[in-house]
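Each chain is listed here by its residues.
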Amino acid sequence: MKIEFDFRIEGDEQPDAFLDARELQLMFDSTRRSLGDGLERKFRDVVCGEHAEAPQFQVTGRYDRQLEELDIHYHVDTCCQFFLLRVMQILNQRA
Ligand SMILES: [Zn+2]
């Protein structure tokens, strides 16, 4: 299993920002850690039954300084469509 993270801050720094640049990096670090741990837990032993390949994840995080919101997106790569459906099912299960 492979997990890649791509976290970025978007927009100009706001004078009255709720989180400063250092606090944002700390939030990114802890978010990466908890998402990574969650994926490891769910997919540690999950491979495609037909091709024996593990899924690959790319997790994108965009922090919008205007809205002060962090948007997380998952991109999943698998060997085949059938396994992708299974991975999406597992991903959407509550921990
Ligand atoms: Zn497959």
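Figured I'd write up the structure that's included with this text. Think of each chain on its own: its residues are numbered from 1, step by step along the sequence as written. A pLDDT threshold of at least 70 governs which residues receive local features in this predicted model, and a stricter bar of 80 or more applies before side-chain atom pairs are shown or counted, although totals over entire chains, interfaces and linings include all residues.

### Comments concerning the overall build of the protein chain
Helix and strand definitions follow DSSP, with helices as H or I runs of at least four residues and strands as E runs of at least two, each counted in order from the N terminus. A tally of helices and strands in the protein chain yields two helices and three strands. Taken from N to C terminus, the helices and strands of the protein chain fall in the order β-α-β-β-α. Here the globule rule reads 2.2 Å times residues to the power 0.38, and the radius of gyration is calculated from C-alpha atoms. A compact globule built from 95 residues would reach a C-alpha radius of gyration of about 12 Å, whereas the protein chain, at 16 Å, exceeds it by more than 25%. Taken over the C-alpha atoms alone, the protein chain extends approximately 55 × 20 × 20 Å along its principal axes. Buried residues in the protein chain amount to 4% of all 95 residues. Here a residue counts as buried when 20 or more other C-beta atoms fall within 10 Å of its C-beta, as exposed when 12 or fewer do, and as partly exposed in between; the C-beta atoms come from the backbone.

### Some thoughts on the sheet that holds strand β1 (residues 2-10)
Sheets are built from strands paired through backbone hydrogen bonds, the pairs being either parallel or antiparallel. Two strands make a pair as long as DSSP finds a minimum of two bridges between them. Within the open sheet, the three strands sit side by side as β1-β2-β3. Their pairing is mixed. This sheet does not close on itself; its edge strands, each paired only once, are β1 and β3 (69-77). Between one strand axis and the next, the sheet turns through 15 degrees on average, direction left out of account. Contacts here follow a simple rule: the backbone-placed C-beta atoms of the two residues must lie within 7 Å. In this description, a line fitted to the C-alpha atoms serves as the axis of each element, helices being fitted only across the stretch in contact, and the angle between N-to-C directions of two axes falls anywhere from 0 to 180 degrees. With respect to the sheet, helix α1 (residues 21-43) is in contact with β1 and β2 (56-64), its orientation differing from that of β1 by roughly 155 degrees.

### Observations regarding the environment of Asp20
Examined against the element boundaries, Asp20 turns out to sit in the loop between β1 and α1. When the 11 C-beta atoms within 10 Å are taken as the criterion, Asp20 is described as exposed. Along the sequence, Asp20 and Ala54 sit 34 residues apart, while their C-alpha atoms lie 37 Å from each other.

### What about α1?
The terminal C-alpha atoms of α1 lie 32 Å apart, and with 23 residues this matches the ideal 33 Å at 1.5 Å per residue to within 8%. Burial analysis of α1 places just zero of its 23 residues in the buried class, a small minority of the element. To estimate how far a helix should extend, the number of its residues minus one is multiplied by 1.5 Å.

### Remarks on unusual backbone geometry
Despite not being glycine, Ala52 has its phi angle at roughly 55 degrees, a positive value. Its location among the elements puts Ala52 in the loop between α1 and β2. Look at Ala52 and you get exposed, because 8 C-beta atoms sit within 10 Å. A positive phi is found at Glu68, a non-glycine position, where the angle reads about 55 degrees. The residue Glu68 is located in the loop between β2 and β3 in this model. Judged by the 13 C-beta atoms lying within 10 Å of it, Glu68 falls in the partly exposed class.

Geometric descriptors of this kind do not, in isolation, establish any biological role.
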